[in-house]
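Below, each chain spelled out in residue letters.
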Amino acid sequence: MDKEREFRKRIFFASKHSDRNKKSIINKVIEQKNKFGLDFVLNNVSVEARKLYSLSSQVSMYIHKAESFIRLKQFKETLIGKAVFDFPVAENIASHFIKRFPNKKIIVIDEKTGCAFVSEENGIKMLPAQEFLELFDSIKETFNDKELNQLFGVFYDSQVIEERKNRNYALRMMPKKYWKNFDLKESRKLERGIQKNTLVNYV
Amino acid sequence: MDISEKIKILSSAGKYDACASTSCNPKKPLILPNDRIGNLAAGGICHSYLPSGQCVSLFKVLLSNKCTNDCFYCSNNCYARINRTEFSKEELSNVFLKLYKSNYVEGLFLSSGIGRDEEVQMEKMIETVRHLRFKEKFHGYIHLKILPGVSKDKIDEATALASRVSINSEAPNKSRLNELTTTKDFKSDVLKRMRWIKEKAIKNNLPSGHTTQLVVGPAGETDREIVSRIDNLYNEMDLKRGYFSSFIPVPGTPFENKQREPLKRENFLYRTDFMLRFYGIKKKEFVFNEQGNLNLSIDPKIAMALESDLFPLDINESSFDELIRVPGIGPTTAKRITDLNNSGFKFSKESELKNLGIVVKRALPFIKLNGRIQKSLTEFC
């Protein structure tokens, strides 16, 4: 990737972060880029450049995680998923699934902002989430996602190797902040009547 | 037997296969039809994590656990008293695609016991992949295991259909493999097939290359033997990457009473493997003890640095190849330092190094800033 594009990408992702100081950080880094050049900011020599890199990485990492934890329900030719996203990235998630399933209609609902991102012929449209949330709930009755969830549960359990259990590493790989959108955990927590939110209980 | 029971048996049978990566780097742009299902992602996506912290990205199953091989460490060996079953191609495709569309998994990892005949079993596996690719129009990630001893034609078909293929070498050389099984020959079943895979992978433009796996411990092999073999495979066979799996005794196998291997050994082998692949470090530079193993009480890179005459290095006057050998500096940070040095920037403070992403605590004893060593090795140790 060329350096200018990499810099623009950092600014774009950092701008999606919820940090209160993001605007001043972005402004300072742009000033530094004009004064010292691209290498200076891309290699994080200054504190601000490092902070910008950190904000940008957090958002891009979050998108990567969100692409993995969101589960989709199928209704006719539509795939629909919802989540409470920490950052406004639902559009990026929708775009990921449009590339993956080009002949399906993709709907990604961000419950935090109350917006739904819907694939259209000419791109992605942002619409109020309400009607899609109703659609999502109605699918629950017709689509056997519980059965699918159980099937995945069987597969998941079969992959566990007792001797390799490593709670700290597992927590590092999937921090608790992501758990609220994790279907499997929620359903199993209910099944086992587990109240305490720890990975040990979850598995 | 219902599908849930089959999943339980056949995915449990494949759980010791370590390959989880789904990242893909197509060598030429793929033209994908619009009525397809799925695509390849450049970065691996993990959809869930096991209690071990290992990522669950692939629907990892065997097509069948019927096997006539006698691998002493394997839960599916021909003497094991277990339920034997197999998927039909429709059953497997159906359940896999449901999971894929709902975003539970990123791709399929398909392996198998060899049944009565490896050629017949390989054909069944290829037929399943063919069904997914052409009937179901699945264009996502498929990792297909090559069974030892199969013909060149089957390897050709497998590399044309899959995103990645692999053949398990299990041990670093012939004599070590002979201690694990009487039914596999290292040279003809593994190395010869790997050479064919290399040839066919180039011909068919296999997007994720080919990999292998070694079981660490049961044959008494040393780390030197393993590192040497894996380095040889990277250089001679165009291997994309090697996986290591510390031996864990499985009840009901001839090796059930053998001692399990520490996971730390596997971890240290991965560290050396990364240095071979991404740091350009040569195998002769690694430090092994008299028994030919890595010292598990000290990080392999620090052990190497302590033995080297290269240090301390002046951070402002070192090349990439020198910087990469400093503990706490990786390929990204080494490149950042050389980029900045080339653009005229000179480092003078620890904080500048920290901002770059260097693990300063580890690097300080081995570098000079402003012409001075920052921390003595005695302080460090």
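Residues numbered from 1 in each chain as written. Chains lettered and ligands numbered in written order. Predicted model: local features only at pLDDT ≥ 70, side-chain atom pairs only at ≥ 80, totals over all residues. Heavy atoms only, no water.

A.B. asks: I'd love a proper account of the overall build of chain B, names of residues and values included.
C.D. replies: Each helix and strand in chain B was counted, giving 14 helices and 11 strands. The C-alpha extent of chain B, read off along each of the three principal axes, is 70 × 55 × 40 Å. For chain B, with 381 residues in total, the buried portion stands at 58%. Within chain B, residue pairs in contact and separated by at least 24 positions form 66% of the contacts whose partners lie at least 6 positions apart. Summed over its atoms, the accessible surface of chain B is roughly 15,900 Å², and 48% of this surface lies on carbon and sulfur atoms. Taking the 58 positively charged and 46 negatively charged side chains of chain B as two groups, their mean positions are separated by 3 Å. (Helix = DSSP H or I, 4+ residues; strand = E, 2+ residues; numbered from the N terminus. Buried < 20%, exposed > 50% of the residue type's maximum accessible area, 1.4 Å probe, protein only. Contact = heavy atoms within 4.5 Å. Areas by Shrake-Rupley, 256 points an atom, 1.4 Å probe, with all protein chains shown as cover. Lys, Arg positive; Asp, Glu negative; His and termini not counted. Charge placed at Lys NZ, Arg CZ, Asp CG, Glu CD.)

A.B. asks: Quick rundown of the packing of aromatic side chains? Include the residues and the values.
C.D. replies: Two aromatic rings, taken as a pair, are described by how far apart their centres are and by the angle between their planes. Applying the stated rule across the entire model yields 20 aromatic pairs over all chains. Plain terms: the ring middles of F101(A) and Y100(B) are 5.9 Å apart, the flat faces sit at 70 degrees to each other, and that makes the pair edge-to-face. Of this pair, F101(A) sits in the loop between α5 (90-100) and β3 (105-110) while Y100(B) sits in helix α2 (residues 89-101), each in a different chain. Owing to a relative accessible area of 2%, F101(A) belongs among the buried residues under this scheme. Taking the relative accessible area as the measure of exposure, Y100(B) reaches 1% and is therefore buried. Between F96(B) and F138(B), the ring centres sit 5.1 Å apart and the planes meet at 90 degrees, which makes this aromatic pair edge-to-face. Of this pair, F96(B) sits in helix α2 while F138(B) is found in the loop between α3 (118-135) and β5 (141-145), placing the two residues 42 residues apart along the sequence. Here F96(B) matches F138(B) in class, with each residue buried. (Phe/Tyr/Trp six-rings, centres within 6.5 Å; stacked < 30°, edge-to-face > 60°.)

A.B. asks: With reference to specific residues and values, describe the packing of helix α1 (residues 3-15) of chain A against helix α2 (residues 22-36) of chain A.
C.D. replies: Residues and elements named next belong to chain A. The contact between α1 and α2 brings their axes to 10 Å, and the two run at 165 degrees. On the basis of their axis angle, the class for α1 and α2 is roughly antiparallel. Here α1 and α2 pass one another in a crossing that is left-handed. Contacts between α1 and α2 pair E4, F7, I11, A14 and S15 from the former with K22, I26, V29, I30 and K33 from the latter. Taken together, the residues of the contact of α1 with α2 break down into six nonpolar, one polar and three charged. (Axes fitted to C-alpha atoms, helices over the stretch in contact; angles between N-to-C directions. Parallel < 35°, antiparallel > 145°, perpendicular 65-115°, else oblique. Left-handed = near helix turned anticlockwise from the far one by under 90°. Nonpolar A, V, L, I, M, F, W, Y, C, P; charged D, E, K, R; others polar.)

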